[in-house]
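# Commentary on secondary and tertiary structure
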Amino acid sequence: MSSSDFAAAGSLARRASLAVRLPLDGPSARDALATVAAAYADSPRPLADLARHRDLRADMQAAGVQMDREFARSLADVDSVFGDLECAVGALDRGCAALREQVNKALRCTAAAADHVALLADERRELAARHALASGFVERFARVARVDKEEDEEEEKGNNTTPDRNSDIDASAALVSELDALARQRNECQPLMAVATQPAVRSLLDDVSAREDAAYAALLRWALREIHTLARDAPEPSARLRIALARLAPRTALFQSAIDEIAAVRRNAVARSFVSALVRGGPGGVPRPIEAHAGDPQRYVGDMLAWVHQACASERDLFDSLLSSPANGHNSANSNSLSNAAALAAALDGVARPLEIRVDQTIAELRAPAALHRIARLLDFYRDLFSSVFSADASAPSSSALTLVISGLCESTDFRLRSALDLLVDTAVADLESALSPTLEPPQSLSALLSVISDILFVQTDDPTASAADPINHTVVSALERILAAAHDLATAASSSSSSTSPALHLAAYEQSIFELNVLSAIAEPTASFEFLEEWHVHCVNLESELVHALSAQLVDVLKQKSQLPFDHHQIVPDNLPKLLESFNNMLKTAADLDVSRLVVRLQSQQLARTVSLQAIEMFVTQYELLHNAIIQSTSSDDAAIHNLLLAPETVSTLL
């Protein structure tokens with residue numbers, strides 16, 4: 001065979017193998033079979049070859065099936081071998097799990113044994129500590145029993161001896177030492193109380209408590225004796241007394257008893273010192289007795305209140321010193337601030353009654369409102385000061401006897417001040433009728449009232465604590481408003497002929513306004529410079545503007561009446577105009593009846609007089625200009641006499 005035949009045979013073999021492997025319904029299988037058929041198309045025996053090759057696929061499939069069966073038989077042997085291997089591995093895994101469980105059980109047993117050993121060790125250490133603590137208690141309380149026996153023997157021996165100052169000091173030191181020892185014993189008993197039931201420890205604590213109560217009672221008795229040494233002036237408390245008070249502080253009832261005793265002792269001492277300062281003065285007469293200044297009420301009251309204030313500061317320092325323990329180095333006044341404030345107030349209660357008698361007698365003899373106001377400001381200042389000192393809570397008012405007395409004196413002084421101002425106002429109102437004289441001047445009593453009010457307002461200005469809300473400002477404004485209302489009512493009654501009781505009291509309308517302006521000027525000028533009365537000043541300015549406008553309108557009516565001109569345009573009669581105009585021109589030339597400045601000459605304020613004059617002239621000229629235009633329109637140009645006599649508005653303004 002040639003090389004080309006071998007190549008064709010190889011290609012045919014590949015196609016045949018491809019036809020066997022591929023699915024029969026696929027395009028690749030059909031292509032392979034077509035190639036094989038084409039190869040045999042040129043054969044001398046095509047049909048025989050074709051028949052032989054038609055069975056090629058079946059043969060190949062049968063060969064494939066045979067090969068699969070042989071492979072399956074081979075795999076059955078392999079599967080048997082792997083099954084045996086899997087059984088062996090499972091048995092080995094179960095053996096390892098059993099072994100692991102045994103190991104864990106052994107570990108748990110070992111850990112439980114270790115914990116038990118640790119608990120036994122802790123219990124052994126605790127038993128050793130309890131044994132040591134119990135041994136210490138046995139030894140200590142045995143020693144305390146011996147000390148108590150020795151103290152009882154010494155007390156029996158000392159009953160027949162007189163105690164002295166040194167023995168008191170030793171007693172206080174012994175009491176403090178005993179309290180310290182009892183406190184240590186109580187602290188040492190606390191660890192034993194951790195056990196649920198300890199009857200012996202409870203018995204020990206009860207014994208310690210009984211000893212503490214006895215020691216505190218003895219310490220209180222010693223402190224009460226020591227407190228009586230504070231009855232002198234400017235006392236210096238001992239360090240042992242401060243220590244005793246600090247040790248009594250935890251026992252509220254005992255500590256309060258000591259504080260009350262201190263307050264009682266100091267109350268008597270401060271009262272004696274106050275009376276001595278009033279009548280004898282200081283050592284050697286310096287400073288002078290306060291009673292020496294009784295002729296000056298303000299200084300007299302101020303010196304008494306200043307002395308009480310200084311005494312309050314001294315007593316406060318004394319209480320702070322007593323409540324400051326040098327033993328523990330901290331101030332216990334913070335924890336007893338309420339008791340401290342109450343005790344300080346009680347220590348100064350002794351001066352309340354003497355102070356009240358003297359201040360009340362002083363203000364009862366005063367009649368000057370300015371002096372009463374100065375004393376009232378002093379009392380207000382010290383009332384607020386003592387209230388803040390005596391109150392532990394700054395927002396709560398103090399109820400001490402001293403603050404109540406000063407508050408009562410404040411109310412009494414304010415009442416007397418208002419009464420004095422009301423009396424002056426009544427006098428000024430009563431004198432207003434006499435001011436309805438031809439001069440229309442305010443009465444002298446009104447000037448006296450305004451002088452007093454100015455003095456009061458100057459006191460307000462000099463006081464840094466004063467404000468616009470002070471009651472005295474309202475009192476002053478009420479008094480001034482009452483004067484203005486009385487002046488208005490009186491002037492209105494005098495201007496009405498039907499209500500006038502006397503011909504001398506009859507006033508024209510413009511005179512009523514002049515009188516009211518004079519009273520208003522007399523009131524407004526002295527009070528205009530005080531910023532506390534700013535609203536009142538604005539009210540006065542508005543009222544003055546209204547009165548000025550009303551007075552100007554009233555003066556215009558007077559000028560119109562005197563001029564006799566027909567300002568009512570419906571009353572213009574050409575026949576009478578020359579005569580009326582000639583009379584009006586003569587009045588302007590003589591400057592007598594139509595002189596506005598003569599009408600306002602009784603105004604006390606020259607500035608107001610000029611303002612009213614100019615405003616009245618301007619208003620009159622405006623009315624005259626309307627009349628002038630009306631006359632021009634109602635007359636013809638042939639009325640030369642009228643036109644010659646009719647003055648221009650500018651000319652009238654210049655002549656007026």
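Calculation criteria
- Residues numbered from 1 in each chain as written.
- Predicted model: local features only at pLDDT ≥ 70, side-chain atom pairs only at ≥ 80, totals over all residues.
- Heavy atoms only, no water.
- Helix = DSSP H or I, 4+ residues; strand = E, 2+ residues; numbered from the N terminus.
- Buried < 20%, exposed > 50% of the residue type's maximum accessible area, 1.4 Å probe, protein only.
- Contact = heavy atoms within 4.5 Å.
- Areas by Shrake-Rupley, 256 points an atom, 1.4 Å probe, with all protein chains shown as cover.
- Patch = residues over 30% accessible without salt bridge, like charges linked within 9 Å, V, L, I, M, F, W, Y side chains within 5 Å.
- Salt bridge = Lys/Arg side-chain N within 4 Å of Asp/Glu carboxyl O.
- Core = buried A, V, L, I, M, F, W, Y, C linked by side-chain atoms within 4.5 Å.
- Axes fitted to C-alpha atoms, helices over the stretch in contact; angles between N-to-C directions.
- Parallel < 35°, antiparallel > 145°, perpendicular 65-115°, else oblique.
- Left-handed = near helix turned anticlockwise from the far one by under 90°.
- Nonpolar A, V, L, I, M, F, W, Y, C, P; charged D, E, K, R; others polar.
- pLDDT = per-residue confidence, 0-100.

## Some thoughts on the overall build of the protein
The number of helices and strands found in the protein is 22 helices and zero strands. Looking at the protein as a whole, 35% of its 656 residues qualify as buried. Partitioning the contacts of the protein with sequence separation of at least 6, the portion at a separation of at least 24 is 72%. Of the accessible surface of the protein, which amounts to about 37800 Å², a share of 55% is contributed by carbon and sulfur atoms.

## Structural notes on a nonpolar patch on the surface
Judged by side-chain polarity, F71, L75, V78, F82, L85 and V89 come together as a nonpolar surface patch covering roughly 600 Å² of accessible area. Topologically, V89 is positioned in helix α4 (residues 56–158).

## Looking at the side chain of N518
Looking at the element boundaries, N518 is found in helix α16 (residues 509–527). Once residues within four sequence positions are removed from consideration, N518 is found in contact with T439, L440, P442, R602, L603 and Q604.

## Overview of the nonpolar core
Side chains of a nonpolar character, in soluble globular proteins, are inclined to be buried together. Within the largest apolar cluster, 128 residues are counted, with the highest numbers of intra-cluster contacts made by F390, L402, V519, I523, L555 and L603. Considering each element in turn, this core owes the most residues, eleven residues, to helix α15 (residues 471–495). Ignoring any residue separated from it by four or fewer positions in sequence, one finds I523 in contact with L446, L450, L480, I483, L484 and W536.

## Points about the side chain of S273
When you line up the elements, S273 lands in helix α8 (residues 252–279). By relative accessible area, which is 17% here, S273 ends up buried. Ignoring anything within four residues of it in the chain, the contact list for S273 reads D233 and W307.

## Description of the pattern of salt bridges
Going through the model one piece at a time under the given rule, you end up with nine salt bridges. Put simply, R299 and D303 hold a salt bridge, and the shortest N to O gap is 3.5 Å. Note that R299 and D303 are positioned in helix α9 (residues 297–322) at a spacing of four residues, about one turn of the helix. Among the residues examined, R299 registers a relative accessible area of 43% and is labelled partly exposed. The partly exposed category is assigned to D303, whose relative accessible area is 26%. Ionic pairing is found between R482 and D426, a salt bridge with its closest N-O pair at 2.2 Å. Here R482 is found in helix α15, whereas its partner D426 is found in helix α13 (residues 401–431), with 56 residues between them in sequence. Taken together, the shared-partner salt bridges in this structure form one network comprising D380, R383 and D384.

## What about the packing of α13 against helix α14 (residues 444–462)?
The interhelical angle for the contact between α13 and α14, taken along N-to-C directions, is 150°, at an axis separation of 8 Å. One element, α13, and the other, α14, form an angle in the roughly antiparallel class. When the axes of α13 and α14 are compared, the crossing they make is left-handed. When α13 is examined against α14, the residues L417, L421, L424, V425, T427, A428 and D431 are found in contact with a partner set consisting of S445, L446, L449, V452 and I456. Its residues placed into classes, the contact of α13 with α14 shows nine nonpolar, two polar and one charged.

## Structural notes on the environment of L507
Residue position: L507 is located in the loop between α15 and α16. For the pair L507 and T492, spaced 15 residues apart in the sequence, the C-alpha separation amounts to 8.6 Å.

## With respect to the packing of α14 against α16
In the contact formed by α14 and α16, the axes pass within 9 Å of each other and the chain directions differ by 20°. The orientation of α14 relative to α16 falls into the category roughly parallel. Our pair here, α14 against α16, has a crossing hand that is right-handed. In contact with L446, L450, I453, S454 and L457 of α14, α16 contributes V519, A522, I523, P526 and T527. The residue makeup of the contact of α14 with α16, split by class, is eight nonpolar, two polar and no charged.

## Brief notes about the confidence of the model for the protein
Scored by pLDDT, the protein comes out at a mean of 76, with 72% of its residues at no less than 70. Long-range and interchain partners of residues 160–167, a stretch whose pLDDT sits below 50, account for two contacts in this model, where long-range means more than four residues apart. Scored below 50 in pLDDT, residues 326–335 shows 14 contacts in the model against residues more than four places distant or in partner chains.

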